[in-house]
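# Observations on chain architecture
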Amino acid sequence: MTPLKHYAYLILFCIVALAIAADYRWALFERVDAQAGDALTRAMLPARTPSPDIVIVNIDQRSLELMNDEAGSWPWPRAVHAELIEAIAAQHPRAIVFDLLFNEADTFRADSDALLRDTVAATPNVFVPTVLLGDGQGAKLAELPASLGLERLPHAAPDARAPLLLPLVLDPASWRGGLINFDADNDGIGRHYLRYAERAGWRMPSLPTTLAQRFHWPQPDTQRMRLNWTPRHATVSYADVYHDAGRENPQRPSDEFTGKIVLIGTAAPGLQDLRPTPLSKSWPGVEILATAIDNLEHGNWLREPSRYGFAALALALTALLALGFQLGINSVWLALAMGVASLLGAATMAFAQTALYFLPLAMALVWGWVYYLFAALIAYVKERARREAAVRLFGRFLDPRVVTALVAGDRLDSAPAAREVTVLFSDIRGFTSLSETRSPEEVVALLNRYFSRQVAVVFRHGGTLDKFIGDAIMAFWGAPVDDSEHARHAVAAAQEMGRELEAFRAELALDGIEFDIGIGIHTGRAVVGFIGADDRLDYTAIGDTVNLASRIEGQTKGIARILVSQATRDACGAAFDFDDRGEHHVKGRAEAVRLYEPLSNEEK
């Protein structure tokens, strides 16, 4: 293995680590965290309860239709809102909060504007909104009334201006309230609410912040807060409240708004105050405002820890994966580990949200999965290369189909070990006479053709080619593939080798030349595996079993083409009929060896 391949997982980790360190706040991965949080919010929404202290008076489509006769088409005369304020204020609500802008005078109904102006001035718990525009010059901030709650910071410019939509219809002393700007994230979804905006050293509070200051609610120390969404707040129709207030005998409860924070806004689609949020692509703006007020009232907005700690978590996760791949742990187990980590991450995010924390764990898990996928690809390429190398290596000894199945099945074991095998030696008889009648080139070509045919027979019967020894062939069965019938397969191969020889002789018209083979077979224990020096290894079998098979082959001359030992005959069982060829003394053994000739079907 080259150094590059050896350190591939470490190199990949370094690349991923650099990507994380370079810019952990990539918009893509921030979006992953955000969308994971959105899914979690929707899943946990049924367990949340909106504040019973907040009621929305909704200018819905029904109200637009029912009030058409007396108020006309939208926008209604502002005297209508003045009458509603008087009706609600009579029940002593905690606050009346408008989510409607009063920035332009009604030139055709000045008396109606005057009535609203006087009513709001006489009702000190009415709050009205302002909006900070994206461009424009606007009024000088230093000249705006104190009722807006602007805060001048030490570095404020004395002539600073801001393009604010102000409630100019009302007296400046009644400009209580604040900003209601929609605070969208990079993907256009509103998940936060501004506590304040800053412009040229001036701090402009949002409407929920003004209420928090008025009622001494806790507040986050950040410029924007992540909303902890609830189901829709209690809602009543504007038309129902307005018409009931005009009855001589009202039918609605007289304390319906007592002690409540009453928001007046619209969810009618035609009035275009619908915004994309985690809960819906068209969530009413007044509901977003209600959620922000609800969160501040109860101090249950979502806290957001620093993202950089989760960058460290992403690095730790990818480092553990790199270690796992480097140690050779199966990628399936690592995938299962990542799956468990992902489930734990989701459970942790859910638990943290109940504890009022938003944990951006999704991005760290995404980095882990990114590393895993690339590392798994590297592992696959390396494993494929290993398998191909094994196929090329063992293809020298085995039928390529056997090698492919062997490697694919992960049963490859090339370490030297003692195994029960059957060894076959085949040697050519009459090769010298053949050599004398032909040129060396012809002899080599002839020999190669002969070997190719005989080796194909060995492979067809599942044998392993060990080596060529001059004009002899050594093969064995039972390794590296386990074969419980290795003796039978070796004998069957020997018989076919004999038939192949006859076909080869007929093809070359060698009947006039003594060209035959002798085959010796023995079954027993042998050490099989890669054996040799560090820079030169051969897959081979060694031991007494090999020696005896070679000696048996030497006994075939003048007796039979194929001879097998007693051990081989016994291992074949009833697969073949054998002719007992008696006992023979072989070199290296004191005791005689009984040999048998397997009979072909014609000889039975």
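Residues numbered from 1 in each chain as written. Predicted model: local features only at pLDDT ≥ 70, side-chain atom pairs only at ≥ 80, totals over all residues. Heavy atoms only, no water.

Counting 45 residues, the largest nonpolar core has Val57, Phe98, Leu164, Tyr238 and Ile264 as the members making the most contacts within it. Put simply, the parts of the chain that give this core at least two residues each are strand E1 (54-58), helix H6 (78-89), strand E2 (95-98), helix H7 (110-121), strand E3 (126-132), strand E11 (202-205), helix H9 (238-245) and strand E14 (261-265). Here the element with the most residues in this core is H6; it accounts for five residues. Not counting residues within four places of it along the chain, the set of residues in contact with Phe98 comprises His81, Ile85, Val126, Phe127, Val128, Pro129, Leu207 and Ile264. (Core = buried A, V, L, I, M, F, W, Y, C linked by side-chain atoms within 4.5 Å. Buried < 20%, exposed > 50% of the residue type's maximum accessible area, 1.4 Å probe, protein only. Helix = DSSP H or I, 4+ residues; strand = E, 2+ residues; numbered from the N terminus. Contact = heavy atoms within 4.5 Å.)

Let us look at empty space enclosed by the protein. In this structure the tally under the stated criterion is two cavities of 30 Å³ or more. Empty space within the largest cavity amounts to approximately 60 Å³. Residue lining of the largest cavity: Gly37, Asp38, Thr41, Arg191, Arg226, Leu227, Trp229, Pro278, Leu302, Gln353 and Phe358, and that is the complete set. For the lining of the largest cavity, the leading source of residues is helix H3 (residues 27-44), giving three residues. A per-class count over the lining of the largest cavity returns five nonpolar, three polar and three charged. By volume, the second largest cavity amounts to about 50 Å³. (1 Å grid on protein atoms, 1.4 Å probe; cavity = no way out; pocket = protein on both sides within 12 Å on 5 of 7 lines; lining within 4 Å. Points joined across faces, edges and corners; volume = space filled by probe spheres on them. Nonpolar A, V, L, I, M, F, W, Y, C, P; charged D, E, K, R; others polar.)

A word on the environment of Gln454. Residue placement: Gln454 occurs in helix H16 (residues 440-460). In this structure, the C-alpha to C-alpha distance between Gln454 and Phe476, residues 22 residues apart in sequence, is 14 Å. For Gln454, the contacting residues outside a window of four places in its chain are Ile473, Met497, Glu500 and Ile517. Polar side-chain contacts of Gln454 include one of 3.5 Å to the backbone oxygen of Met497. (Polar contact = N/O pair within 3.5 Å; in protein donor to acceptor, adjacent residues only side chain to side chain.)

Taken together, the side chains of Leu323, Leu327, Ile329, Val332, Trp333 and Leu336 define a hydrophobic patch exposed on the protein surface, amounting to about 650 Å² of accessible area. Considering the arrangement of structural elements, one finds Val332 in helix H12 (residues 331-354). (Patch = residues over 30% accessible without salt bridge, like charges linked within 9 Å, V, L, I, M, F, W, Y side chains within 5 Å. Areas by Shrake-Rupley, 256 points an atom, 1.4 Å probe, with all protein chains shown as cover. Salt bridge = Lys/Arg side-chain N within 4 Å of Asp/Glu carboxyl O.)

With antiparallel pairing, three strands are arranged side by side in an open sheet as E5-E11-E10. Edge positions in the open sheet fall to strand E5 (151-152) and strand E10 (196-199), since each of these has one partner strand only. In the sheet, E10 pairs with E11 via four bridges, with the strands oriented antiparallel. When the sheet's bridge partners are listed, Glu198 is paired in E11 with Arg203. (Pairing = 2+ DSSP bridges.)

Residue placement: Pro208 occurs in helix H8 (residues 207-215). Sequence spacing of Pro208 and Asp544 is 336 residues, and the spatial spacing of their C-alpha atoms is 94 Å. When residues no more than four places from it in sequence are discounted, the contact partners of Pro208 are Leu179, Tyr193, Leu289, Ala292, Ile293 and Leu296.

Attention shifts here to the layout of surface pockets. In this structure, the largest pocket occupies an estimated 720 Å³ of space. Breaking the lining of the largest pocket down by element, the ones donating at least two residues are H6 and helix H10 (285-298). Considering each element in turn, the lining of the largest pocket owes the most residues, three residues, to H10. In the lining of the largest pocket, the residues fall into 14 nonpolar, six polar and seven charged.

Our focus in this paragraph is the packing of aromatic side chains. Counting across every chain of the model gives twelve aromatic pairs. Pairing Trp74 with Trp76 gives two aromatic rings, centres 5.0 Å apart and planes at 70°, and the pair type is edge-to-face. A relative accessible area of 32% means that Trp74 is categorised as partly exposed. What makes Trp76 buried here is its relative accessible area of 3%. A centroid spacing of 5.5 Å and a plane angle of 35° characterise the contact between Phe215 and Trp217, whose relative ring orientation is tilted. For the residue pair Phe215 and Trp217, the accessibility class agrees, reading buried in each case. Through pairs of rings, three or more aromatic residues link up here, namely Tyr9, Phe325, Trp369, Tyr371 and Tyr372. Between the NZ or CZ atom of Arg226 and the centre of the ring of Phe358, over which it lies, the distance is 3.8 Å. (Phe/Tyr/Trp six-rings, centres within 6.5 Å; stacked < 30°, edge-to-face > 60°. Lys NZ or Arg CZ within 6 Å of the ring centre and 35° of its normal.)

With that settled, consider the pattern of salt bridges. A side chain of one charge can pair with a side chain of the opposite charge if their charged atoms are brought near each other. As enumerated under the stated definition, the model contains 31 salt bridges in all. Between Arg109 and Asp106 there is a salt bridge, with its nearest N and O atoms 2.7 Å apart. One salt bridge connects Glu485 with Arg488, and the closest N-O pair in it is separated by 2.5 Å. Classification of Glu485 by relative accessible area gives partly exposed; the value is 39%. With relative accessibility at 29%, the residue Arg488 sits in the partly exposed group. One network of salt bridges, in which partners are shared, links Asp38, Asp183, Asp185, Asp187, Arg191 and Arg224.

Taking 1.5 Å per residue as the helical rise, helix H2 (residues 8-22) with its 15 residues ought to reach 21 Å, and the 21 Å between its terminal C-alpha atoms agrees with that figure. All of the buried residues in H2 are Ala8, Tyr9, Leu12, Phe13, Val16, Ala17, Ala19 and Ile20. (Expected span 1.5 Å × (residues − 1).)

Considered for burial, the residues of H9 that qualify are Tyr238, Ala239, Val241, Tyr242 and Asp244. Looking at the buried residues of H9, the elements they touch are E1, helix H4 (61-66), helix H5 (68-71), H6, strand E13 (234-237) and E14.

Turning next to the environment of Ala456. Examined against the element boundaries, Ala456 turns out to sit in helix H16. With 336 residues separating them along the chain, Ala456 and Val120 place their C-alpha atoms 103 Å apart.

Moving on: the packing of helix H11 (residues 308-326) against H12. Remark: H11 packs on H12, axes separated minimally by 10 Å, with the N-to-C direction vectors making an angle of 160°. Of the possible angle classes, the one that applies to H11 and H12 is roughly antiparallel. In this structure, H11 crosses over H12, and the sense of that crossing is right-handed. Two secondary-structure elements touch here, H11 through Leu317, Leu321, Gly324 and Phe325 and H12 through Ser331, Leu334 and Met338. For the contact of H11 with H12, the class distribution of residues is five nonpolar, two polar and no charged. (Axes fitted to C-alpha atoms, helices over the stretch in contact; angles between N-to-C directions. Parallel < 35°, antiparallel > 145°, perpendicular 65-115°, else oblique. Left-handed = near helix turned anticlockwise from the far one by under 90°.)

This part takes up the pairing of E3. Burial of E3 is extensive: seven of the seven residues sit out of reach of the surface. In E3, alternate side chains face the same way, and those of Val126, Val128, Thr130 and Leu132 on one face and Phe127, Pro129 and Val131 on the other are all buried. As paired elements, E2 and E3 share two bridges and run parallel to each other. Opposite Val97, over in E3, you have Phe127 as the bridge partner. Where E3 lies against strand E8 (residues 177-179), three bridges are found, and the strand directions are parallel. The residue bridging Val128 from the neighbouring strand is Gly177, located in E8. In the sheet, E3 pairs with strand E7 (residues 164-165) via two bridges, with the strands oriented antiparallel. Each bridged residue has a counterpart across the sheet, and for Val131 the counterpart in E7 is Leu165.

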